[in-house]
Amino acid sequence: MDEATGVQVYVYDLSRGLARSYSRMLLGTEIEAIYHTSVIVRGKEYYLDQGIQMIRAQSYHLKYGAPIEVIDVGETFIDDETIHAFIDDLKGREDMKYEAARYDLFTNNCNHFSNTFLEFLCDKKLDDRILNLPQVVLETPAGRMLQQMIRNGQY
């Protein structure tokens, strides 16, 4: 059996601070950030962006900048071979849930992938404040309008 290794979540703010500044005005409710998450295990960063991606973990992400938060989730004993088989299985699933064409900002995004991966690695869940952010937005009239615009291809 492999040694335990730490599992972390990198939390990025896609709005780069604008959500905190303008969300009350635009949505009628304040949100801290527009979260993008990735899961870090054994020096590799796994995330969803046009499908499941993996890069060497760094102190900053080439696309998203520095994380606004790093969450220590727990430990895993699962080896890299099993992790890669799990990822390959997710990519090859008949429903292709984590492929680019199935992405949905509100119901199937990077944070949902991170949650699935955390459950596999260490039987933990992503923080509710991150995972439930789309629901908070959809509870606002502007959020519902944004969802309709996206679904109708107007955005």
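In the nomenclature of an unreviewed UniProt entry, the protein chain corresponds to PPPDE domain-containing protein from the organism Candida metapsilosis. Heading Sequence similarities (unreviewed entry) of the UniProt record for the protein chain holds this comment: "Belongs to the DeSI family."

Moving on: the nonpolar core. Note on soluble globular proteins: their nonpolar side chains tend to be buried together. The biggest cluster of nonpolar side chains holds 34 residues, and the ones touching the most others in it are Val 7, Ile 83, Ile 87, Phe 113, Phe 117 and Leu 121. Here this core takes six residues from helix H3 (residues 110–122), the largest share from any one element. If you look at the next biggest cluster of nonpolar residues, it comprises six residues, including Tyr 10, Tyr 12, Ile 40 and Tyr 47.

Take Ala 100: it is sitting in the loop between helix H2 (80–92) and H3. A sequence separation of 22 residues divides Ala 100 from Ile 78, and the C-alpha atoms of the two residues are 27 Å apart. Excluding anything up to four places from it in sequence, Ala 100 contacts Gln 50 and Gly 51.

This brings us to the side chain of Ser 114. In this fold, Ser 114 is placed in helix H3. Beyond its immediate sequence surroundings of up to four residues, Ser 114 is in contact with Thr 37, Ser 38, Val 39 and Leu 126.

This next bit is on the pattern of salt bridges. Once the charged atoms of two side chains with opposite charge are near each other, the side chains can pair. Within this structure, the stated rule accounts for nine salt bridges. Here Glu 119 makes a salt bridge to Lys 125, at a shortest N to O gap of 2.6 Å. Using a relative accessible area of 32% as the deciding quantity, one classes Glu 119 as partly exposed. What makes Lys 125 exposed here is its relative accessible area of 53%. Here Arg 129 makes a salt bridge to Asp 127, at a shortest N to O gap of 3.4 Å. Within the structure, one salt-bridge network assembled from shared partners comprises Arg 42, Lys 44 and Asp 80.

About the cut-offs
Residues numbered from 1 in each chain as written. Predicted model: local features only at pLDDT ≥ 70, side-chain atom pairs only at ≥ 80, totals over all residues. Heavy atoms only, no water. UniProt positions renumbered as here; feature names shortened; annotations may be inferred. Core = buried A, V, L, I, M, F, W, Y, C linked by side-chain atoms within 4.5 Å. Buried < 20%, exposed > 50% of the residue type's maximum accessible area, 1.4 Å probe, protein only. Helix = DSSP H or I, 4+ residues; strand = E, 2+ residues; numbered from the N terminus. Contact = heavy atoms within 4.5 Å. Salt bridge = Lys/Arg side-chain N within 4 Å of Asp/Glu carboxyl O.

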